[in-house]
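# Structural description and commentary
For reference, the chains in residue letters:
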Amino acid sequence: MKLAVYSAQPYDRRFLDEARQNFAGGSVDTVFFSDALTLDTIPLAQGCEAVCVFVNDQLDAAVLAALHASGVRAVLLRCAGFNNVDLQTGHALGLFMARVPAYAPEAVAEHALAMVMTLNRHTHRAYARVREGNFALDGLLGMTLNGKTVGIVGAGQIGAAAARIFHGLGCQVLISDPMPLPQLAAVARHVALDELLASADVVSLHCPLMDSTRHMINAASLARMKPGAMLVNTSRGGLIDTAAVIEALKSRQLGALAIDVYEQEASLFFHDHSSDIIADDVFQRLLTFPNVLVTGHQGFFTIEAMREIASVTFDNLACYIQHRPCPNLLPAGIAATSPAPTPTASLNAAPATTEAASITPKK
């Protein structure tokens, strides 16, 4: 068995090699490529029966058909989200497609908290000031989170972990999710999305990206948010209409923004562009705001999460090799997402898949 790993970073090699050494499903020859999977890079997988991909690899109809024509029969996602996969085409081709549905959900939830704390108390700015000998406190005023209202949109395993964390800080936690969540009744109150947006001092997104959630944060939903609230997104960049968020920041309707994901991140994140000119004017505009914090999709990046991702990826490969049932197969019958935005409150009508409901988290 030969496995091609796309979008591979040094840390991917470390943890996947570690998991391969413990693999009992047979001999696997793993080849790593830093290139993302696109139509142009499919020849790199020549002679491979399986490919391993990440969040920004292309898995549309054309790519899947070309992979199949080249002899690939298994697609292993080392992530939970699958909005980049044309499921209908993949199933029609008979491809084995499996993901890692849940891994250290606390990792992403803790990163959401870290971003809230950093942006609220301006610790990133204070760090830079102190290193320059500036100990003035002007511009560093924050709020006490204890007693504030935090809204969690999407309560899969990550959203549930975030709810417990913020409840532990003494926050009133509201949850909007398509599914009833009696298991979280002790730490959060289930409400409609509009009530959450109007009431929350902090809104944290933990949803999958699908047609019903794309651009769910748009001009209309931002107008319904509590003035001056903070918006946090550690889920999928496409949940937010970035241009609308910029306008809300300029008008002061939105008080602060923390994002670990960006809808056009594929050409930016996971690579060093410090010597490049970044041509994305929208992204560059975001970076000009003092009340915006951006990290490069690192919410998942902990030792525990990376080990679990690698281990489950090879478990999925064993299922394929040994022709046994795999609990992590991608579902059939869901169309690939389209770029068209949908109404703001549509999360409440979203099917119970991935992070928003019963199949645990994204990332």
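Scroll up to find the structure.
Residues numbered from 1 in each chain as written. Predicted model: local features only at pLDDT ≥ 70, side-chain atom pairs only at ≥ 80, totals over all residues. Heavy atoms only, no water.

## Details of the sheet that holds strand β2 (residues 29-32)
Just so we agree on the cut-off: Two strands pair if DSSP finds at least two bridges between them. The numbering of helices and of strands both runs from the N terminus, where a helix is a DSSP run of H or I of at least 4 residues and a strand a run of E of at least 2. To get an axis, a line is fitted to the C-alpha atoms, and for a helix only the part in contact is used. The angle between two axes follows their N-to-C directions and goes from 0 to 180 degrees.
Here five strands make up an open sheet; going across it, the order is β2-β1-β3-β4-β5 and the pairing parallel. Edge positions in the open sheet fall to β2 and β5 (96-98), since each of these has one partner strand only. This sheet shows a mean twist of 20 degrees between the axes of neighbouring strands, independent of strand direction. As paired strands, strand β1 (residues 2-5) and strand β3 (residues 50-53) are joined by three bridges and run parallel to one another. In the strand pairing of β3, Leu3 is matched with Ala50.

## Some remarks on the environment of Ala185
Its place among the elements puts Ala185 in the loop between β7 (172-176) and β8 (189-190). For the pair Ala185 and Gly133, spaced 52 residues apart in sequence, the C-alpha to C-alpha distance is 47 Å.

## Points about unusual backbone geometry
Trans is the common state for peptide bonds, and a negative phi is the common state for residues other than glycine. Short version of the rule: Only protein chains enter the calculation, and the probe is 1.4 Å; a residue is then buried if its accessible area is under 20% of its type maximum, exposed if over 50%, and partly exposed in between.
One non-glycine residue, His215, lies in the positive phi region at around 55 degrees. Counting through the fold element by element, His215 comes out in the loop between β9 (202-205) and α8 (219-224). For His215, a relative accessible area of 13% corresponds to the buried category. At Arg252, a position not held by glycine, the phi torsion is positive, near 70 degrees. Tracing the backbone through its elements, the reader meets Arg252 in the loop between α9 (242-250) and β11 (254-259).

## Focus: the pattern of salt bridges
Here is the rule: Just to be clear on terms, a salt bridge is a Lys or Arg side-chain nitrogen sitting within 4 Å of an Asp or Glu carboxyl oxygen.
Within the structure shown, the criterion is met by seven salt bridges. The closest approach of N and O atoms between Arg78 and Asp12, which form a salt bridge, is 3.5 Å. Note that Arg78 is positioned in the loop between β4 (74-77) and α3 (87-92) and Asp12 in helix α1 (residues 10-21), a separation of 66 residues in sequence. For the residue pair Arg78 and Asp12, the accessibility class agrees, reading buried in each case. A salt bridge links Lys250 to Glu247, with the nearest nitrogen and oxygen atoms 3.3 Å apart. Of this pair, Lys250 and Glu247 both sit in helix α9, separated by three residues, roughly a single helical turn. With relative accessibility at 39%, the residue Lys250 sits in the partly exposed group. Take Glu247: its relative accessible area is 44%, and that puts it in the partly exposed class.

## Overview of the pairing of β1
Cut-off, in case you're wondering: Here, the term right-handed applies to a crossover whose path from the first strand over the helix to the second runs clockwise when the strands point away from the viewer.
Bridging between β1 and β2 involves four bridges; their strand directions are parallel. Paired with Lys2 across the two strands is Asp29, which belongs to β2. Regarding the hand of the β-α-β motif, the stretch spanning β1, α1 and β2 is right-handed.

## Observations concerning the packing of aromatic side chains
Applicable threshold: Stacked, tilted and edge-to-face pairs are distinguished by plane angle, under 30 degrees for stacked and over 60 for edge-to-face with tilted covering the rest, among Phe, Tyr and Trp rings (Trp via its six-membered ring) whose centres lie within 6.5 Å.
This model, assessed by the stated rule, comprises nine aromatic pairs. Aromatic ring contacts, followed pair by pair, group Tyr11, Phe54, Phe270, Phe300 and Phe301 into a single cluster.

## Quick notes on the nonpolar core
What counts here: Throughout, nonpolar core names a set of buried Ala, Val, Leu, Ile, Met, Phe, Trp, Tyr and Cys residues whose side chains join them through atoms within 4.5 Å.
Counting 58 residues, the largest nonpolar core has Leu3, Val51, Leu67, Val75, Val85 and Leu317 as the members making the most contacts within it. For this core, the secondary structure elements donating two or more residues are β1, α1, β2, β3, α2 (61-69), β4, β5 and α11 (303-322). The biggest single contributor to this core is α11, with 10 residues. By size, the runner-up hydrophobic cluster in this structure holds 30 residues, among which are Leu222, Met225, Leu231 and Ala244.

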